[in-house]
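Tertiary structure, described
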Amino acid sequence: MNPSARHVVVIGNGMTGSRLADEVARRDPGGERVRLTVIGDENGPAYNRVLLPGVLAGIYTPEDIRLPFPDGPAVTLRTGTAATALDTARRRVTLDDGTALDYDECVLATGARAAFPPVDGVAAADGTPEPGVTALRDLADCRRVMALARPGAPVVVLGGGVLGLEAARALTARGVRVSLVESSPWIMRRQIDRPAADILADRYTALGVAVHSWRVASRWISGTGLELDDGRVLAGDALVVTAGVRGATDLARAAGLPVEHGVLVDDTLTTGDPRVHAIGDCAQHRGGGAGLVQPGWEQAAVLAGLLTGTAPEARYTGARPVTRLKAEGIDLTSLGDTEADDTAETVTIADPYGGRYAKLSVRDGRVAGAVLLGFPESASTIAQLYDGGDPVPADRLALLLGRAAPGAHTPDTGGDPVVCRCNAVPRSAIEAAWLDGARTRVDVAAATRATTGCGGCVRDVDTLLTGWSGTTPAPVG
Amino acid sequence: MTTTHCPYCALQCAMHLEPGADGRLAARPAPFPTNRGGLCRKGWTSADLLTAPDRLTTPLLRADRSAPLAPTDWDTALDHVAGRLAALRAEHGPDSVAVFGGGGLTNEKSYQLGKFARVALRTAQIDYNGRFCMSSAAAAGNRAFGLDRGLPFPLTDVAGAATVLLAGANPAETMPPLMGHLSAPRLVVVDPRRSATAAYALANGGLHLAPRPGTDTALALGLLHAARAQGLCDDAYIAERTTGFAAAWPGAAAWWPEQAEHTTGVPAALIREAARALADPGGAYILTGRGTEQHAKGTDTVSAWINLALALGLPGRRGSGYGCLTGQGNGQGGREHGQKADQLPGYRRIDDPAARAHVAGVWGVDPDDLPGPGRSAYELLDALGAPGGPRALLLFGSNPVVSAPDTGRVADRLAALDLLVVADFVPSETARRADVVLPVTQWAEEDGTMTGIEGRVLRRRAAAPPPPGVRTDLEVLHGLAVRLGQPADRFSADPGAVLAELGAASAGGPADYSGVTPERLDSGEELYWPAPAGGAPTPRLFLDAFAHPDGRARFAPVAHRPPAETTDPAYPLIATTGRIMGHYQSGAQTRRIGELAAAEPAAHVEVHPDTAARNGLGDGDWALVESRRGTTRARVRHRADARLDTVFLPFHYAGDQAANNLTNPALDPVSRMPEFKVSAVRLRPDRPQGGTA
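Since the structure is predicted, the reported quantities are computational estimates derived from the model, not experimental observations. (Residues numbered from 1 in each chain as written. Chains lettered and ligands numbered in written order. Predicted model: local features only at pLDDT ≥ 70, side-chain atom pairs only at ≥ 80, totals over all residues. Heavy atoms only, no water.)

**Quick look at the overall build of chain A**
Along the backbone of chain A there are 12 helices and 27 strands. Radius of gyration (C-alpha) of chain A: 30 Å, far over the 23 Å computed for a compact globule of 477 residues. Overall, the C-alpha framework of chain A stretches about 95 × 65 × 50 Å when taken along its three principal axes. Taken over 477 residues, chain A has a buried fraction of 50%. Put simply, of all contacts in chain A between residues at least 6 apart along the chain, 60% involve residues at least 24 apart. Summed over all atoms, the accessible surface of chain A reaches about 20600 Å², with 50% contributed by carbon and sulfur. Computing the positive centroid from 47 side-chain charges and the negative centroid from 57, chain A places the two 2 Å apart. (Helix = DSSP H or I, 4+ residues; strand = E, 2+ residues; numbered from the N terminus. Rg over C-alpha atoms; globule rule 2.2 N^0.38 Å. Buried < 20%, exposed > 50% of the residue type's maximum accessible area, 1.4 Å probe, protein only. Contact = heavy atoms within 4.5 Å. Areas by Shrake-Rupley, 256 points an atom, 1.4 Å probe, with all protein chains shown as cover. Lys, Arg positive; Asp, Glu negative; His and termini not counted. Charge placed at Lys NZ, Arg CZ, Asp CG, Glu CD.)

Here you go:
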């Protein structure tokens with residue numbers, strides 16, 4: 001460790017802040033270039049927020065979703081501590097324990113907070129949720145939901161986006177009776193088109209989730225449930241609010257940095273102050289990307305290259321986000337422009353009976369957008385094509401069906417197929433051996449070598465011998 | 001009739017050699033547990049090499065670099081080599097002379113080569129081409145189990161498992177008779193290509209996981225994640241037989257299946273299904289091959305596979321386990337007896353004072369006179385003729401201008417040497433660049449031992465006398481040692497005597513061969529090492545304890561990292577390399593066998609038809625494949641089942657068709673394995689020269 005290494009203070013030990021620490025340590029393992037202090041307001045190590053629905057479902061223990069954190073001499077982690085002020089002129093971060101940290105560079109990785117919609121009875125004026133109401137943003141929320149959502153109990157999930165659908169699936173896995181309310185005309189409105197959403201809703205209904213799309217909640221009645229705008233009341237011991245998030249930008253705003261939905265950053269992830277950076281859900285880049293983990297991790301890698309000077313040329317130019325629903329038994333991927341106009345060619349397969357739907361839009365030979373429900377193989381292929389901006393194969397249908405078109409290379413054998421690939425024995429050679437008296441597989445092997453490689457052609461040779469001899473092949477020891 | 005084993009791969013199929021109708025020796029399969037009476041084309045045709053038209057039968061020497069190689073006699077050749085070596089050592093010190101060996105050499109030759117370097121030359125500069133083969137798996141195996149034996153169980157055990165995962169291995173193409181052991185288990189094949197093995201798996205109810213090249217670590221971590229998340233881990237085994245799970249798990253926690261899918265392209269659902277298959281109570285094996293190992297992060301990737309195996313409770317139990325499929329004929333024995341830069345016989349470490357004292361005692365030298373660890377293979381090749389680097393190289397059983405990464409660079413380094421001496425039986429591409437070529441025997445002309453894929457020591461038997469003028473490698477080393485002032489009895493040319501000495505030198509080491517004798521081998525005893533004198537051999541390692549002092553296996557905390565070179569607009573495709581059925585390694589042998597050469601006469605490149613078309617190429621066209629390091633010519637072979645972003649080239653061809661003209665010499669920080677399997681490339685048509693457009 002180098003005592004004169006530059007000091008970088010990272011505010012936030014969530015998915016992006018801890019990732020940045022890991023990326024910095026990987027590039028500068030001895031702390032020769034950068035001394036890092038990471039501030040986390042939650043107690044305990046960084047964990048993988050994306051997997052919280054899995055904790056809810058009982059797939060993971062909280063211990064299981066811990067994230068890697070570097071164990072280097074130049075990294076200091078202070079948990080259970082919140083930053084209360086950022087003074088960009090003095091380059092100082094003030095903490096809630098009364099201490100302060102001076103920095104060479106400061107990184108805001110403060111993430112986002114759950115947004116509570118303005119529904120009566122959901123949250124108090126100061127934003128505190130009312131009894132029975134909880135978000136699903138951190139481990140404490142997760143513990144609250146687990147305490148409230150006993151097996152057999154009714155629970156309402158408010159918000160039919162990705163997190164709401166994952167939470168609903170996880171709750172059904174706990175044996176909870178779930179109602180899901182979405183105010184948009186269809187679920188996952190931002191990620192998928194209506195036909196896909198209809199099929200997805202049917203899949204959820206089949207799992208026992210009552211899906212209420214295009215319904216606005218009017219009131220949470222603690223001890224009873226959620227009242228909808230049509231007067232119906234959905235029974236609920238708990239209300240899990242998954243209705244979006246807001247970037248945690250208070251610190252930046254108070255420091256006078258330019259903030260819109262998030263803290264504005266350029267391609268070097270620098271804010272309005274040249275020594276302050278922002279990454280992850282609290283940042284707002286022209287290329288978008290907030291709300292998903294992959295862009296935040298890509299930002300962490302870019303910023304680590306810049307802060308350590310190992311990649312001064314690194315830039316973040318925007319995300320090509322792929323949304324992947326993590327719900328047991330349901331494979332859903334959506335990416336890009338899922339309602340592309342007619343400047344794109346679009347192939348669609350709808351199979352409501354089979355619960356499957358695929359839509360691929362191609363513009364200029366590249367993937368413009370896709371929705372893939374129940375097509376796991378092609379979904380991963382298309383996501384990789386999209387991610388790399390790579391050309392789409394000419395056979396779009398084959399791509400969607402996850403199957404290579406016929407025409408794979410086979411050597412030209414002039415109508416005489418190769419029976420034993422390992423030894424390149426054509427059918428004609430086996431026939432010649434038979435004509436010379438070879439009647440068993442062993443005779444054929446001795447004469448032609450067929451069957452002596454991987455053994456995959458044993459059945460074929462037996463079949464040929466049976467056909468020519470008009471008998472079953474002689475047994476071999 | 002003589003019964004011996006095949007000259008090529010580590011499966012070491014047993015074969016009978018006897019004269020055919022034309023009087024020349026011919027091979028046919030013999031029953032043996034590994035090959036079960038099978039043989040591939042290479043084995044069937046192997047005897048043809050004994051009468052190769054350009055077989056070397058006389059030493060060759062060139063007066064200077066501009067002169068051609070000219071025949072000479074043995075005394076002149078050996079006197080010349082010894083004289084030049086002595087002069088270089090006197091002027092520049094012992095490390096000015098380097099030795100490079102091979103994984104095809106017998107145990108006796110490997111041992112003698114290491115001893116020759118340390119005792120007769122006193123150089124630390126010795127390594128071998130096995131560094132390009134098993135080194136990542138060896139390093140990870142040592143890290144996890146405290147011992148590295150490719151398969152720590154007999155191959156026949158595999159047939160009884162419910163599931164076998166093959167990571168980066170394509171035995172249907174490269175070791176066909178091995179497939180006979182895989183007909184009952186459900187196969188999970190991890191390979192970016194729809195290889196013959198992957199196709200076999202799919203046709204028989206198995207799975208094919210096709211990760212983007214260079215992302216295997218993420219896939220293995222994703223499988224561990226999926227195993228844990230589905231409650232499949234063996235917690236009791238983890239608690240009782242391992243250490244380090246808690247520290248290793250966060251590395252996998254970051255790779256939930258959907259995240260692994262994003263990086264690897266393998267569907268999350270397939271990752272979960274594969275994890276379930278591996279947790280089948282009927283037992284499972286995880287086997288790795290070069291596809292997952294030959295990366296600049298190969299050691300960590302193998303550790304990730306071993307972590308998965310440990311989490312599922314597979315190693316050290318009957319009916320399940322982890323293993324590495326060794327490639328070269330004696331890739332196992334060749335890595336145990338001192339050809340490696342950091343190693344002494346018996347798989348001992350050269351920096352261990354006790355090991356040095358023991359081996360020096362057997363050799364009759366002062367332990368302080370033994371050199372320390374030297375450069376690894378690519379670093380050694382890269383230093384040749386450079387300031388501070390070796391000025392002479394003795395090369396046995398290898399053809400690095402075809403098989404090493406970035407062949408252009410390797411050829412330049414060889415050219416910068418003061419003296420290159422190559423012992424071979426055919427004029428390989430490397431031999432043709434030598435100052436002195438020494439003609440040596442080949443497999444059917446010599447006795448010795450090999451250690452096969454299972455760690456079982458096998459007898460190689462001479463079936464025919466060598467052609468007049470040809471000497472064994474042991475005779476060559478003896479002749480040079482004596483000329484370098486060594487006592488005549490210190491470097492025996494008798495394989496039996498060398499085996500006995502090897503046994504003594506390895507006694508008490510991890511790979512203990514002291515109980516291996518020709519008599520026991522001839523009696524058919526199954527001598528899996530460690531086979532100590534007076535003790536039983538060891539078919540299955542780790543059943544009671546792993547080889548670390550606490551008896552436990554160790555999880556290694558590993559993270560995925562991107563390949564050393566990623567694609568970009570200038571080089572938008574990934575090239576990966578491998579072997580095909582009809583050829584072996586650098587092709588120096590198999591390209592000289594008429595039947596094999598006729599079947600696959602020239603390099604090809606497998607390309608998706610769309611990718612080929614975008615680059616102006618049709619099936620059968622000659623293409624130029626270009627990387628930042630060099631260019632390869634190859635004929636396009638359409639593969640509709642190929643990844644669009646990946647092309648494949650076999651590496652058996654030389655000159656402008658050498659796949660290793662492209663490859664990246666970025667090295668693994670632990671094993672020093674080069675990144676053979678991921679190079680960023682582009683494709684273009686190879687227009688005929690002088691034609692009109």
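So much for the structure itself; the text now carries on.
**Comments concerning the overall build of chain B**
Regarding its fold elements, chain B presents 22 helices and 29 strands. Along the first, second and third principal axes, the C-alpha set of chain B runs to 75 × 70 × 55 Å. Taken over 693 residues, chain B has a buried fraction of 67%. The long-range share in chain B, meaning contacts at least 24 apart out of those at least 6 apart in sequence, stands at 73%. For chain B, the exposed area adds up to about 20600 Å²; of that, 51% sits on carbon and sulfur atoms. Taking the average location of the 68 positive side-chain charges in chain B and that of its 72 negative ones, the two points are 3 Å from each other.

**Some details on the confidence of the model for chain B**
Put simply, chain B has an average pLDDT of 96, and 99% of its residues get 70 or more. Interface predicted TM-score (ipTM) for the complex: 0.91; the corresponding pTM is 0.95. (pLDDT = per-residue confidence, 0-100.)

**Overview of the domain arrangement of chain B**
All names here are of chain B. Domain boundaries in chain B define domain 1 (2-51), domain 2 (60-132 + 330-447 + 461-494), domain 3 (135-325) and domain 4 (573-685). Using C-alpha coordinates to define each centre, domain 1 is positioned 32 Å away from domain 3. On the side of domain 3, 10 residues touch domain 1, which itself brings 12 residues to the contact. Between domain 1 and domain 3 lies a buried interface of about 700 Å² when both sides are counted; carbon and sulfur atoms form 73% of it. Interface area lost by domain 1 to domain 3 is led by Leu 11, Arg 36 and Cys 40, which between them contribute 49%. (Domains from an automatic or database assignment. Buried area = accessible area lost by both parts, 1.4 Å probe.)

**Section: the interface of chain B and chain A**
Think of interface size as the accessible area that goes away when the parts come together; that is how it is often given. Taken together, the contact pairs 52 residues of chain B with 45 residues of chain A. Counting the surface chain B buries against chain A, the share from its top three residues, Trp44(B), Trp256(B) and His262(B), is 17%. Between chain B and chain A we count 4 salt bridges in total. Note that Arg421(A) and Glu173(B) form a salt bridge whose closest N and O atoms lie 2.5 Å from each other. If you look at where chain B meets chain A, you find 18 residue pairs in polar contact (both at pLDDT 80 or more). Of all the secondary-structure elements, those providing two or more residues to the side of chain B that touches chain A are helix H1 (41-44), helix H5 (171-174), helix H7 (216-229), helix H9 (245-253), helix H10 (257-264), helix H11 (268-278), helix H22 (609-614) and strand E25 (631-638) of chain B. With 6 residues, H10(B) is the single largest residue contributor to the side of chain B that touches chain A. Considered class by class, the residues forming the side of chain B that touches chain A number 24 nonpolar, 13 polar and 15 charged. (Salt bridge = Lys/Arg side-chain N within 4 Å of Asp/Glu carboxyl O. Polar contact = N/O pair within 3.5 Å; in protein donor to acceptor, adjacent residues only side chain to side chain. Nonpolar A, V, L, I, M, F, W, Y, C, P; charged D, E, K, R; others polar.)

**Quick word on the packing of H7(B) against H9(B)**
Residues and elements named next belong to chain B. Packing of H7 against H9 leaves a shortest axis separation of 8 Å and a crossing angle of 105°. Judged by the inter-axis angle, H7 sits roughly perpendicular to H9. Contacts between H7 and H9 involve Leu 221, Leu 224, His 225 and Arg 228 on the former and, on the latter, Phe 245, Trp 249, Gly 251, Ala 252 and Ala 253. (Axes fitted to C-alpha atoms, helices over the stretch in contact; angles between N-to-C directions. Parallel < 35°, antiparallel > 145°, perpendicular 65-115°, else oblique.)

**As for the sheet that holds strand E12 (residues 284-288) of chain B**
Residue and element names in this part refer to chain B. Judged by pairing direction, the sheet is parallel, and its 5 strands sit side by side in the order E10-E9-E8-E12-E13 without closing on themselves. In this open sheet, the two edge strands, each paired with only one partner strand, are strand E10 (207-209) and strand E13 (321-324). Between one strand axis and the next, the sheet turns by 15° as a mean value, whatever way the strands run. Pairing geometry for strand E8 (residues 163-167) and strand E9 (residues 186-190), over 5 bridges, is parallel. The residue bridging Val 164 from the neighbouring strand is Leu 187, located in E9. H11 rests against E8, E9, E10 and E12 of the sheet, and its axis sits at about 125° to E10. (Pairing = 2+ DSSP bridges.)

**Quick word on the pattern of salt bridges**
Residue and element names in this part refer to chain B. One pass over the structure, following the stated rule, counts 73 salt bridges over all chains. For Lys 115, the salt bridge is made with Glu 501, and the minimal N-O distance between the two is 2.6 Å. Placement of the pair is Lys 115 in helix H3 (residues 107-121) and Glu 501 in helix H19 (residues 495-506), with a sequence separation of 386 residues. We note that Lys 115, like Glu 501, is buried.

**Re the packing of aromatic side chains**
Under the criterion given, the structure shown has 13 aromatic pairs over all chains. Measuring from ring centre to ring centre gives 5.3 Å for Phe542(B) and Phe546(B), while their planes differ by 40°; the resulting arrangement is tilted. For Phe542(B), a relative accessible area of 8% gives the class buried. Three or more aromatic residues joined by ring pairs form one cluster here, namely Phe145(B), Tyr322(B), Phe542(B) and Phe546(B). Positioned above the aromatic ring of Trp434(A) is the side chain of Arg439(A), whose terminal nitrogen or guanidinium carbon lies 4.2 Å from the ring centre. The side chain of Arg633(B) reaches across the aromatic face of Trp622(B), ending 4.3 Å from its centre. (Phe/Tyr/Trp six-rings, centres within 6.5 Å; stacked < 30°, edge-to-face > 60°. Lys NZ or Arg CZ within 6 Å of the ring centre and 35° of its normal.)

**As for the sheet that holds strand E23 (residues 345-351) of chain A**
All names here are of chain A. Read across the sheet, 5 strands follow the order E21-E22-E25-E24-E23 without closing on themselves; strand pairing throughout is antiparallel. The sheet is open, and its two borders are formed by strand E21 (322-327) and E23, each paired with just one other strand. Adjacent strand axes in the sheet meet at a mean angle of 10°, parallel and antiparallel pairs treated alike. Examined bridge by bridge, E23 and strand E24 (residues 356-363) share 7 bridges and lie antiparallel to one another. Bridging across to E24, Thr 348 finds its partner in Lys 359. Each of E21, strand E22 (330-336), E24 and strand E25 (366-373) touches helix H8 (residues 376-388); the most contacted strand, E25, lies at about 155° to it.

**Some points on unusual backbone geometry**
In this chain, Trp529(B) is followed by Pro530(B) through a cis amide linkage whose omega measures -5°. Phi is positive for Thr451(A), close to 80°, though the residue is something other than glycine. By the element assignment, Thr451(A) lies in the loop between helix H11 (441-448) and helix H12 (458-469). For Thr451(A), a relative accessible area of 13% puts it in the buried group. Residues other than glycine seldom take positive phi values, yet Tyr347(B) does so here, at roughly 60°.

**Some thoughts on the domain arrangement of chain A**
Residue and element names in this part refer to chain A. On domain assignment, one finds that chain A holds domain 1 (6-113 + 246-308), domain 2 (133-243), domain 3 (329-401) and domain 4 (418-469). Computed over C-alpha atoms, the centres of domain 1 and domain 2 are 31 Å apart. With 13 residues of domain 1 at the contact, the number on the domain 2 side is 15 residues. Around 1200 Å² of area is buried between domain 1 and domain 2 when both sides are counted, 70% of it from carbon and sulfur atoms. Broken down residue by residue, the surface that domain 1 buries against domain 2 is led by Leu 52, Pro 53 and Leu 56, which jointly contribute 48%. At the junction of domain 1 with domain 2, the criterion picks out 1 salt bridge. In this structure, Arg 137 engages Asp 281 in a salt bridge whose closest nitrogen and oxygen atoms are separated by 3.2 Å. Here domain 1 and domain 2 share 5 residue pairs in polar contact (both at pLDDT 80 or more) between them. Residue contributions to the side of domain 1 that touches domain 2 peak at 5 residues, all from helix H2 (residues 52-57).

**Quick look at the pairing of strand E2 (residues 14-19) of chain B**
All names here are of chain B. Summarising the sheet, strand E1 (residues 2-5) and E2 pair through 4 bridges and their orientation is antiparallel. Looking at E2, one finds that His 5 is bridged to Ala 14. Relative to strand E3 (residues 25-29), E2 is paired through 5 bridges, and the arrangement is antiparallel. For Leu 17, the partnering residue across the bridge sits in E3 and is Ala 27. In sequence, E2 turns back onto E3 through a hairpin of 5 residues, with Gly 23 there showing a positive phi of about 85°.

**Details of the nonpolar core**
Within the largest apolar cluster, 166 residues are counted, with the highest numbers of intra-cluster contacts made by Leu171(A), Leu200(A), Leu325(A), Phe116(B) and Trp305(B). Sort the elements by how many residues they give to this core and H7(B) lands first, with 9 residues. (Core = buried A, V, L, I, M, F, W, Y, C linked by side-chain atoms within 4.5 Å.)

**Some details on the environment of Ser183(A)**
All names here are of chain A. Residue placement: Ser 183 occurs in the loop between strand E11 (177-182) and helix H5 (194-206). Sequence separation of Ser 183 and Ala 327 is 144 residues, and the distance between their C-alpha atoms is 21 Å. In contact with Ser 183, not counting residues within four places along its chain, are Trp 214, Arg 215 and Val 216.

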